[in-house]
Amino acid sequence: MTSFNFFGKMKRALVVVPLVFLSAFPGLSNAESTTSLELAKQSVSNYIGAVQSGNVTEAIKWVVDTRFSSEQEQIEQYKESLTTDPFANATIESVVPNFSDSSFIANLELTRKENGEINKISLPVVERDGTWKLFLNGQETRSTAAQKLFNTQNNKRLIAPLASTFLGSYEDSTVSQGNSIYSNKFDMTETVLGITGWQQVPGLTSDSTMRYSVVYKGFLSDDTIGEIFHTGFNNWNGNAFYETISVASAHAPQGVYLKVSNPSVSHWVRVRGHIYGN
């Protein structure tokens, strides 16, 4: 296994990364002598090594990150993630073929800064324009504390939108089955927020269920710190629904997003709404 410290000192990073290449790929002199699997492994090492050294410009060369609408947005978020990412270390456990297509799967072990807790995550490695790259599409991680909070459904506190601070919005979007959209990035004012919104299945008047979660966009995952599921039908020109979301954090989280996800396997859902805090 190869281990990387995301936020280690630069000097240490410059020593560790070259050793990874020497140990993982002995005797390799050029790309023509490597297999696709070896190149896929190398790309994952390149990405995590660039993150460790704080080289965001290099990091984006080795990843396809669908969470961002532009390269500039991706760069800005990655720079912020150098300090906000909840994980201190990433260990590459394996990179193996994905037999459903011509890609690979990178199995990673992530260690949380706060308490050393381990999260495991598996991410695709895909070929783009002749280069193998790690593929990020909003796969989620969560801490044990966050999971306990989700299980208690502790989201009863009222935040009245008219007497609170506007934090952001998620725009008019149609979310397909199994996919997600994001709000703008915002800073919470405390550990609970309120959302108002509209959701409906286009052309129907039946209820739908959507998941609303508060996440950090990290280098390898969306780390989820709070969530609710809302079921209902809200006419586009009618009254909005209202929900609150508590988060597993000792302080008001900064630089987070509201992620709106469609768990349905049968229909698209149109959504829009606003985010508030006290």
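This section reports on the structure supplied with the text.

Conventions used here
Residues numbered from 1 in each chain as written. Predicted model: local features only at pLDDT ≥ 70, side-chain atom pairs only at ≥ 80, totals over all residues. Heavy atoms only, no water. 1 Å grid on protein atoms, 1.4 Å probe; cavity = no way out; pocket = protein on both sides within 12 Å on 5 of 7 lines; lining within 4 Å. Points joined across faces, edges and corners; volume = space filled by probe spheres on them. Helix = DSSP H or I, 4+ residues; strand = E, 2+ residues; numbered from the N terminus. Nonpolar A, V, L, I, M, F, W, Y, C, P; charged D, E, K, R; others polar. Pairing = 2+ DSSP bridges. Axes fitted to C-alpha atoms, helices over the stretch in contact; angles between N-to-C directions. Expected span 1.5 Å × (residues − 1). Buried < 20%, exposed > 50% of the residue type's maximum accessible area, 1.4 Å probe, protein only. Polar contact = N/O pair within 3.5 Å; in protein donor to acceptor, adjacent residues only side chain to side chain.

When its volume is computed, the largest pocket comes out at roughly 500 Å³. Along the walls of the largest pocket sit 21 residues, with Pro86, Glu114, Tyr216, Ala248 and Ser249 positioned nearest its centre. Among the elements of the structure, α5 (144-152) and β12 (222-232) are those that each provide at least two residues to the lining of the largest pocket. Here the residues of the lining of the largest pocket sort into 7 nonpolar, 8 polar and 6 charged.

Ordered by their spatial adjacency, 4 strands build an open sheet running β8-β15-β10-β13, and the pairing between neighbours is antiparallel. Each edge of the open sheet is held by one strand with a lone partner, namely β8 (165-175) and β13 (241-246). Taken pair by pair, the neighbouring strands of this sheet meet at an average axis angle of 20 degrees, ignoring direction. Pairing of strand β10 (residues 192-200) with β13, which is carried by 6 bridges, proceeds in the antiparallel orientation. For Ile195, the partnering residue across the bridge sits in β13 and is Glu243.

Counted at 1.5 Å a residue, the expected span for helix α2 (residues 36-52) with its 17 residues is 24 Å, and the 24 Å between its end C-alpha atoms agrees. Three or more residues of α2 are buried, namely Ala40, Ser43, Val44, Ser45, Asn46, Tyr47, Ile48, Gly49, Ala50, Val51 and Gln52. In the segment just after α2, Gly54 is the residue with positive phi, at about 80 degrees.

So, about the side chain of Gln199. Positionally, Gln199 belongs in strand β10. By relative accessible area, which is 0% here, Gln199 ends up buried. Among the polar contacts listed, one links the side chain of Gln199 to the backbone oxygen of Ser208, at a separation of 2.8 Å.

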